[in-house]
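Reading the structure
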Amino acid sequence: MRPPRTRRRHRAARPAALVLALILFGSLYAAFVPSTQVAADTGMSGQVAEGKALYQVTCSSCHGLNGEGSSQGPTLVGVGAAAVDFQMSTGRMPMARPAQQAPRRPNTYSAEEIAAISAYVASLGPGPAVPNSSQYDYSTLTDDEIARGGEMFRTNCSACHQAAGVGGALPNGKYAPPLTGVEPLHIYEAMRTGPQQMPVFSEGAIPDEDVAAIIGYLKTMEEQPTLGFTLGGFGPVTEGLAVWIIGIGGLSLVAVWIASRGALKR
Ligand code: HEC
Ligand code: HEC
């Protein structure tokens with residue numbers, strides 16, 4: 001009789017232990033999970049919800065009710081918080097009316113409003129985040145690093161912004177703006193998000209230290225008075241014009257002088 005009874009007790013004990021374990025696990029789970037469960041129910045934090053509400057009032061007419069884009073503006077899915085922070089802090093967005101290019105304007109939104117809309121757009125898809133100041137700090141750069149920043153600027157940026165950073169015209173009525181007086185944060189964000197015609201310079205292409213070196217170079221140029229006559233820094237066109245006027249004009253004068261002397265001798 002004994003062996004079957006122990007076997008029976010044994011069989012009953014296993015499911016009981018399993019049930020006990022499940023109850024224990026379940027209550028532990030319940031003890032830790034409620035807070036995240038609540039967040040998952042509404043699907044977003046307070047800041048994101050606030051940003052979404054603001055977005056739908058100010059931006060959705062062009063960028064779509066859920067950031068999907070429309071005929072009036074591109075999709076914002078995956079552009080990241082940095083793109084929104086750049087576009088709104090420099091007053092480019094919200095765009096007043098459809099135009100070739102959104103110009104820089106005074107920003108009328110508070111830092112909180114911009115942060116909220118940035119958080120909402122970041123929640124739509126992964127993209128570059130707003131950096132913290134240590135990521136583009138240029139205050140400790142050596143002269144050599146600043147010189148290297150200058151080389152990188154000439155290689156990557158001067159085709160559009162000119163060697164002196166004064167900006168220049170692009171095809172189809174667009175332009176690259178001057179870079180003097182632009183905040184370091186916005187230089188960083190412009191590089192990482194590539195507004196309009198500007199390419200994206202990802203962290204893989206130009207790491208944070210090199211971005212800081214480029215910013216250091218631009219800020220150093222701003223502080224130093226330009227040496228010599230820059231001809232407005234507009235590059236080949238004005239310089240070519242100067243060569244034309246001074247060079248050809250001078251040659252003509254010489255030719256006239258020779259001709260008049262020749263005429264005297266005859
Ligand atoms: C009148 C239409 C219009 C409104 C309103 C508008 N935008 Fe835009 N937005 C555009 C257009 C057009 C572009 C692309 C051209 C450009 O950048 O100049 C753009 C570009 C952007 C970009 C850059 C996207 C990228 O690929 O890097 C961001 C970010 C952006 N808008 C955010 C916003 C936010 C945030 C608001 C609301 C505060 C807003 N926009 C309101 C028309 C609009
Ligand atoms: C192919 C041309 C092109 C190149 C190359 C380029 N940019 Fe730009 N950049 C632009 C255009 C166009 C804009 C204006 C975008 C807009 O208004 O939406 C711009 C805007 C900017 C701005 C914003 C200025 C402001 O007034 O807010 C910064 C900063 C900037 N560029 C820095 C750089 C740096 C640094 C590099 C090199 C690493 C670079 N750009 C390379 C075309 C270019």
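Note that the structure is a prediction, hence the values are computed from the model and not measured. (Residues numbered from 1 in each chain as written. Chains lettered and ligands numbered in written order. Predicted model: local features only at pLDDT ≥ 70, side-chain atom pairs only at ≥ 80, totals over all residues. Heavy atoms only, no water.)

1. A word on the site of ligand 2
The condition that has to hold: Nearness of a residue to a molecule or strand requires only that one of the residue's heavy atoms be within 4 Å of it. Here a polar contact means two N or O atoms within 3.5 Å. Within protein one must be a hydrogen donor candidate and the other an acceptor candidate, and residues neighboring in sequence count only if both atoms are side-chain atoms. Each helix corresponds to a stretch of at least 4 residues labelled H or I by DSSP, and each strand to a stretch of at least 2 residues labelled E; elements are numbered beginning at the N terminus. Throughout this entry, Asp, Glu, Lys and Arg are counted as charged residues, while Ala, Val, Leu, Ile, Met, Phe, Trp, Tyr, Cys and Pro are counted as nonpolar. The remaining residues, Gly among them, count as polar. The domain limits used here are those given by an automatic or database domain assignment.
Around ligand 2 sit 25 residues, and of these Arg104, Cys157, Cys160, His161 and Met198 come closest. At 2.8 Å, a side-chain N or O of Arg104 approaches an oxygen atom of ligand 2. Elements that contribute at least two residues to the shell around ligand 2 include exactly helix H8 (158–161), strand S2 (175–176) and helix H9 (184–193). Of the residues that constitute the shell around ligand 2, the class distribution is 17 nonpolar, 6 polar and 2 charged. Residues lining the shell around ligand 2 come from more than one domain, with at least three contributed by each of domain 1 (46–124) and domain 2 (133–226).

2. A few points about the packing of H9 against helix H10 (residues 208–223)
We apply this condition: Lines fitted to C-alpha atoms define the axes here, with helix axes fitted over just the stretch in contact, and angles between the N-to-C directions of these axes take values from 0 to 180 degrees. Note on angle classes: values under 35 degrees are labelled roughly parallel, values over 145 roughly antiparallel, values of 65 to 115 roughly perpendicular, and the remainder oblique. It is the rotation of the near helix from the far one that decides the hand of a crossing: anticlockwise by less than a right angle makes it left-handed, clockwise makes it right-handed. We call two residues contacting when some pair of their heavy atoms lies within 4.5 Å.
Packing of H9 against H10 leaves a shortest axis separation of 10 Å and a crossing angle of 130°. Judged by the inter-axis angle, H9 sits oblique to H10. Note on packing geometry: the crossing formed by H9 with H10 is right-handed. Here Pro184, Ile187, Tyr188, Met191 and Arg192 of H9 come into contact with H10, specifically with Asp208, Val211, Ile214, Ile215, Leu218 and Lys219. Among the residues forming the contact of H9 with H10, the class breakdown is 8 nonpolar, no polar and 3 charged.

3. Some details on the site of ligand 1
In the vicinity of ligand 1, 18 residues are found, and the nearest of them are Cys59, Cys62, His63, Met93 and Gln196. The contact in question runs from a nitrogen atom of ligand 1 to an N or O atom on the side chain of His63, over 2.8 Å. A distance of 2.6 Å separates an oxygen atom of ligand 1 from a polar side-chain atom of Gln196. Going through the elements one at a time, helix H4 (60–63) and helix H5 (80–89) are the ones with two or more residues in the shell around ligand 1. Tallied by class, residues from the shell around ligand 1 come to 13 nonpolar, 5 polar and no charged.

4. Structural notes on the coordination of the iron atom of ligand 2
Tetrahedral coordination by four donors sets the ideal angle at the metal to 109.5 degrees; octahedral coordination by six donors sets it to 90 or 180 degrees. Rules: Keep in mind that water is not among the atoms, so a site may look incomplete; donors are the N, O and S atoms within 2.8 Å of the metal, or 3.2 Å for Na, K and Ca. Square planar and octahedral sites, with four and six donors, are those where opposite donors lie more than 155 degrees apart and all other angles lie between 65 and 115, tetrahedral sites have four donors with every angle between 85 and 135 degrees, and the rest are irregular.
Coordination of the iron atom of ligand 2 by the protein involves His161 (NE2) and Met198 (SD), with metal-donor separations of 2.0 to 2.2 Å. The site at the iron atom of ligand 2 holds 6 donor atoms, and with the angles between them running 84 to 179°, its shape is octahedral. Of the two residues, His161 sits in helix H8 while Met198 sits in the loop between H9 and H10, which places them 37 residues apart along the sequence.

5. Describing the confidence of the model for the protein
Our working rule: The quantity called pLDDT is the predictor's confidence in a given residue, expressed from 0 to 100.
Averaged over all residues, the pLDDT of the protein is 84; the fraction at 70 or higher stands at 74%. Note on residues 34–41: pLDDT is under 50 here. Beyond four places in sequence and across chains, it has 2 contacts.

6. Points about the coordination of the iron atom of ligand 1
Donor atoms from the polypeptide that bind the iron atom of ligand 1 are His63 (NE2) and Met93 (SD), placed at 1.9 to 2.3 Å. Each of the 6 donor atoms bound to the iron atom of ligand 1 contributes to angles spanning 88 to 179°, and the resulting shape is octahedral. Here His63, found in helix H4, pairs with Met93, found in the loop between H5 and helix H6 (111–124); they are 30 residues apart in sequence, far enough to count as distant.

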